[in-house]
Amino acid sequence: MSLASFRDQHRKRIDDHLARQLDALPLIAPRLKQAMSHGLLLGGKRVRPFLVYAVGEMLGVAAEVLDGPAAAVECIHAYSLIHDDLPAMDDDDLRRGQPTVHKAFDEATAILAGDALQTLAFEILASHAMPTDLLGNRLRMVSELARASGYAGMCGGQALDMDGEHKQLGLSQLETIHRHKTGALIICAVTLGALCRPDIDESTLAALQEYAAAIGLAFQVQDDILDIVSDTATLGKRQGADLAHEKSTYPALIGLDGARELTRELHQRALTALQGLPYNTDILEAFADYIIERTH
């Protein structure tokens, strides 16, 4: 199966599963539920759930088992975007070509929608139907998702990112920010997919996490490049936002050509990590290509 076919098939699968999760929520606060839907279901690349499915199915795990972890990691990602867009954070009005949640609703509702999606992620991960031999791994999944989305991962990275505004950061500082803010959840997605196999070999897991670390950083470097060379209509969000916030970026530190060379180096690092795995890694290899070739 081609990467495009695999992504289309699993994008529909995760979109349908996420919609069912929201539909199943009782109608306690209709406006809040609408805001959650706005933040979660208005498209997106679905990179993180894609990685859960790609890794899990490569390891022989049924898609039905992977649905829960894939939905959980996307709920965390959606919550983070809702909060990132708030005036107190990045103050963005546009996300995926649509008004951000605080613009479509209001700031208080956006905060609550993010909070509710965060807790929904753990509810899904804790209650999703899984084989009995995955009980131990399920606990590990909950721990991995909490760590990747909290102080030691995404939240810590966001704090460093905000603290770095209006400052000239070095390359190592910039990499630390993005390995936490973006990379941690991408590594977590790969880890969740692998942990859906009860007997996952730790050396295989380590290789997959090395792959994820490389594509996670490459994803951010490519974002920095697109923030310069693309436009708002293509990106679906405000072009030039990093410059407006006076954030350090890879093109600013090493130039546009240097940033492109770095994406190629990270791409090769990702492919090298997959070498020697006793599985068909074609989809993961093709996805590494997509990460540095994407235009939005």
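Scroll up for the structure.
What comes next is a walk through the structure. Since we're looking at a predicted model, the values are computed, not measured.

## Points about the overall build of the chain
If you tally the helices and strands in the chain, you get 14 helices and 2 strands. In terms of overall dimensions, the chain has C-alpha extents of about 50 × 50 × 35 Å along its principal axes. By the burial criterion, 53% of the 296 residues in the chain qualify as buried. Of the contacts formed within the chain by residues at least 6 apart in sequence, a portion of 75% connects residues at least 24 apart. A total accessible area of about 12,700 Å² is found for the chain, and carbon and sulfur atoms account for 54% of it. For the chain, the distance from the average position of its 27 positive side-chain charges to the average position of its 41 negative side-chain charges is 2 Å.

## Examining the pattern of salt bridges
One pass over the structure, following the stated rule, counts 18 salt bridges. For the salt bridge of Asp16 with Lys12, the shortest nitrogen-to-oxygen distance reads 2.7 Å. One end of the pair is Asp16 and the other is Lys12, both in helix α1 (residues 3–23) and 4 residues apart, which spans about a single turn. Here Asp16 falls in the partly exposed class, since its relative accessible area comes to 31%.

## Structural notes on the side chain of His128
Inspection of the secondary structure assignment puts His128 in the loop between α6 (107–127) and α7 (135–149). When neighbours within four sequence positions are excluded, His128 is seen to be in contact with His17, Glu64, Val65, Asp67, Gly68, Pro69 and Arg138.

## Considering the packing of helix α3 (residues 47–58) against helix α4 (residues 63–84)
Two numbers describe how α3 lies on α4: the axes approach to 8 Å, and their chain directions differ by 155°. The orientation of α3 relative to α4 falls into the category roughly antiparallel. Two packed elements cross with a definite hand, and for α3 against α4 that hand is right-handed. Between α3 and α4, the residues in contact are Arg48, Pro49, Val52, Tyr53, Gly56 and Glu57 and Ala63, Leu66, Asp67, Pro69, Ala70, Val73, Glu74 and His77, respectively. Its residues assigned to classes, the contact of α3 with α4 shows 8 nonpolar, 2 polar and 4 charged.

## Things to note about α1
Between its terminal C-alpha atoms α1 stretches 30 Å, which fits the 30 Å expected from 21 residues at 1.5 Å a residue. Listed in full, the buried residues belonging to α1 are Leu3, Phe6, Arg7, His10, Ile14, His17, Leu18 and Leu22. All buried residues of α1 lie within an arc of 135° about the axis, which places them on one face of the element. The exposed residues of α1 that point more than 90 degrees off its buried face are Lys12 and Asp23. Tucked into the core, α1 has its buried residues touching α2 (30–41), α3, α4, α6 and α14 (282–293).

## Notes on the packing of aromatic side chains
The tally for this structure, following the rule as stated, stands at 3 aromatic pairs. Ring centres 5.5 Å apart and planes at 85° place the aromatic pair Phe6 and Phe50 in the edge-to-face group. On the criterion of sequence distance, the pair formed by Phe6 in helix α1 and Phe50 in helix α3 is long-range, its members being 44 residues apart. By the burial criterion, Phe6 is buried, and Phe50 matches it. Among the aromatic residues, those joined into a cluster by ring pairs are Phe6, Phe50, Phe287 and Tyr290. Directly above the aromatic system of Phe219 lies the positively charged group of Arg48, at a separation of 6.0 Å from the ring centroid. Sitting over the ring of Phe219, Arg294 keeps its end group 3.9 Å from the ring centre.

## Points about the nonpolar core
The tendency in soluble globular proteins is for nonpolar side chains to be buried side by side. Within the largest apolar cluster, 84 residues are counted, with the highest numbers of intra-cluster contacts made by Leu51, Tyr211 and Phe287. Look past the residues within four positions of Tyr211 in its chain and what remains in contact with it is Leu51, Ala270, Ala273, Leu274, Leu284, Phe287 and Ala288.

## What about the environment of Gly97?
Along the chain, Gly97 turns up in the loop between β1 (94–95) and β2 (98–99). For Gly97, a relative accessible area of 43% gives the class partly exposed.

## What about the environment of Asp199?
Along the chain, Asp199 turns up in the loop between α9 (171–195) and α10 (202–229). By relative accessible area, which is 52% here, Asp199 ends up exposed. Along the chain, Asp199 and Tyr290 lie 91 residues apart, while their C-alpha atoms are 30 Å from each other. A polar contact of 2.7 Å, which involves the side chain of Asp199, links it to the side chain of Arg197.

Definitions and cut-offs
- Residues numbered from 1 in each chain as written.
- Predicted model: local features only at pLDDT ≥ 70, side-chain atom pairs only at ≥ 80, totals over all residues.
- Heavy atoms only, no water.
- Helix = DSSP H or I, 4+ residues; strand = E, 2+ residues; numbered from the N terminus.
- Buried < 20%, exposed > 50% of the residue type's maximum accessible area, 1.4 Å probe, protein only.
- Contact = heavy atoms within 4.5 Å.
- Areas by Shrake-Rupley, 256 points an atom, 1.4 Å probe, with all protein chains shown as cover.
- Lys, Arg positive; Asp, Glu negative; His and termini not counted.
- Charge placed at Lys NZ, Arg CZ, Asp CG, Glu CD.
- Salt bridge = Lys/Arg side-chain N within 4 Å of Asp/Glu carboxyl O.
- Axes fitted to C-alpha atoms, helices over the stretch in contact; angles between N-to-C directions.
- Parallel < 35°, antiparallel > 145°, perpendicular 65-115°, else oblique.
- Left-handed = near helix turned anticlockwise from the far one by under 90°.
- Nonpolar A, V, L, I, M, F, W, Y, C, P; charged D, E, K, R; others polar.
- Expected span 1.5 Å × (residues − 1).
- Arc of directions from axis to C-beta.
- Phe/Tyr/Trp six-rings, centres within 6.5 Å; stacked < 30°, edge-to-face > 60°.
- Lys NZ or Arg CZ within 6 Å of the ring centre and 35° of its normal.
- Core = buried A, V, L, I, M, F, W, Y, C linked by side-chain atoms within 4.5 Å.
- Polar contact = N/O pair within 3.5 Å; in protein donor to acceptor, adjacent residues only side chain to side chain.

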